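Each chain is listed here by its residues.
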Amino acid sequence: MAIPTDLGVTDFSTPSDTEIRAIRVFDAPRELVWAMHTDPKHIANWMTGPEGWTMPVCEVDVRKGGRWKYMWRKSKGEEMAMEGAFVEVVPPSKLVTSERWGPEWPETINTVELSERGKQTVLTMTIKYPSKEARDAAMATGMREGMEQSYARLDRVLAAA
Amino acid sequence: MKDLAAPFEMSGPAVSKHLRVLERAGLIARGKEAQWRPRTLQAEPLKQVAEWTGEFKKFWDASYERLDRYLETVQQEQDSPEPETLEAQGDGYSD
């Protein structure tokens, strides 16, 4: 597996039919990157995705079997929540959690591994879905409408052949 | 061919070349009729690529970028005499 050498770049891949993976190097010691993922004081300060979202709810009970819950809110009031449990907690190198967006969504197993590379930290996050179908469906979220419009447009061009 | 080329400002041969690339990539399929060979869009592989650059990537790219800046700020704070100022700033960890 190729590890990106540059800071500021995330390497996204699909290591198997049921997984998606992100690898990124941070210019910080491993203990601090660990704290960023486990201390609620830090989590809500960065794990908020695209601009405009905040994380008003961030509850974590960081121990094997402990529960966690995140809720995000967009300025116009849109909300998104997910929760789960801590499956494995090995500070500062490995954090395994279960995650579910809601009853209609499949549960995923998320593994965050942190390794040291000099003074930097290599983060590998792997999300495992129960099936390929579940993974593909989750990856499609939020994209369907825009893509279908694009396909329809392209289809019209191709249909002219 | 002529129909396909019509919407673009490029020559017939240039369009043919693009079509061959798209075919090799499995993104379009060619019909069998000798004189009239309609192309149909094979959306699935294209869709997977597009979706991969979708929400998941968007979320983590944005979050990790923010984490880069936040880590920098936190490490600077650790070196300074007043480590509590970060919290008072709220989201003031941007550049």
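Refer to the structure presented above.
In this numbering scheme, every chain counts its residues from 1 along its sequence in written order. Throughout, the order in which chains and ligands are written sets their labels, letters from A for the former and numbers from 1 for the latter. Under the rules for a predicted model, residues below a pLDDT of 70 receive no local features and side-chain atom pairs below 80 are neither given nor counted, while totals for whole chains, interfaces and linings still include all residues.

Caption draft 1: View of the overall build of chain A. For chain A, the helix and strand inventory stands at 4 helices and 8 strands. Sequence-ordered secondary structure for chain A, helices as α and strands as β, is β-β-α-α-β-β-β-β-β-β-α-α. Relative to its full complement of 161 residues, chain A shows a buried share of 19%. For chain A, the share of sequence-separated contacts (at least 6 apart) that also reach a separation of at least 24 residues comes to 32%. Strands are runs of DSSP state E lasting at least two residues, helices are runs of H or I lasting at least four, and both sets are numbered from the N terminus onward. Here exposure depends only on C-beta density: within 10 Å of a residue's C-beta, 20 or more other C-beta atoms make it buried, 12 or fewer make it exposed, and intermediate numbers make it partly exposed, the C-beta atoms being placed from the backbone. Here contacts are defined at the residue level, using C-beta atoms placed from the backbone and a cut-off of 7 Å between them.

Caption draft 2: Layout of the sheet that holds strand E5 (residues 79-90) of chain A. A strand pair is defined by DSSP finding two or more bridges across the two strands. Strand order in the open sheet formed by 8 strands is E1-E2-E8-E7-E6-E5-E4-E3 (chain A), with antiparallel pairing between adjacent strands. The two strands at the open ends of the sheet, each matched to only one other strand, are strand E1 (11-13) and strand E3 (53-60) of chain A. Averaged over neighbouring strand pairs, the angle between their axes works out to 20° when direction is ignored. Bridge count between strand E7 (residues 108-117) of chain A and strand E8 (residues 120-128) of chain A: 9 bridges; the pairing is antiparallel. Across the sheet, residue A:Leu114 finds its bridge partner in E8(A), namely A:Leu123. Most of the contacts of helix H1 (residues 30-38) of chain A go to E7(A), to which it runs at about 160°, and overall it touches strand E2 (19-26), E3, strand E6 (94-99), E7 and E8 of chain A. Strands E1 and E2 of chain A of the sheet are contacted by helix H4 (residues 55-79) of chain B, whose axis makes an angle of about 20° with E2(A). As a rule, the C-alpha atoms of each element are fitted with a line to give its axis, helices using only the stretch in contact, and angles between N-to-C directions run from 0 to 180 degrees.

Caption draft 3: Up close: unusual backbone geometry. Between A:Pro91 and A:Pro92 the backbone carries a cis peptide bond, its omega angle lying at -5°. Within the secondary structure, A:Pro92 is located in the loop between E5 and E6.

Caption draft 4: Just the nonpolar core, in detail. Core membership is restricted to buried Ala, Val, Leu, Ile, Met, Phe, Trp, Tyr and Cys residues, and these are joined into a nonpolar core through C-beta atoms within 7 Å. With 20 residues, the main nonpolar core has A:Phe26, A:Val33, A:Trp46, A:Leu123, B:Leu67 and B:Leu71 as its most contacted residues. Where this core is concerned, the elements lending two or more residues are E2, H1 and E8 of chain A together with H4 of chain B. Contacts of B:Leu67, omitting those with residues within four sequence positions, involve A:Phe26, A:Met36 and A:Trp46.

Caption draft 5: Layout of the environment of B:Phe56. Here B:Phe56 lies in helix H4. In this structure, B:Phe56 is in contact with A:Ile20 and A:Met139, ignoring residues within four places of it in sequence.

Caption draft 6: Broad picture of the environment of A:Ile20. Within the secondary structure, A:Ile20 is located in strand E2. Linking A:Ile20 and A:Asp136, residues 116 residues apart in sequence, is a C-alpha distance of 9.8 Å. Aside from chain neighbours lying at most four places away, what touches A:Ile20 is A:Thr14, A:Ile127, A:Arg135, A:Met139 and B:Phe56.

Caption draft 7: Expanded view of the pairing of E7(A). Residue and element names in this part refer to chain A. Where E6 and E7 come together, 6 bridges link them in antiparallel fashion. Among the inter-strand pairings, Glu99 is bridged to a residue of E7, identified as Thr108. Linking E7 back to E8 in an antiparallel pair, the connection comprises 2 residues, with Gly118 at a positive phi of about 65°.

Geometric descriptors of this kind do not, in isolation, establish any biological role.
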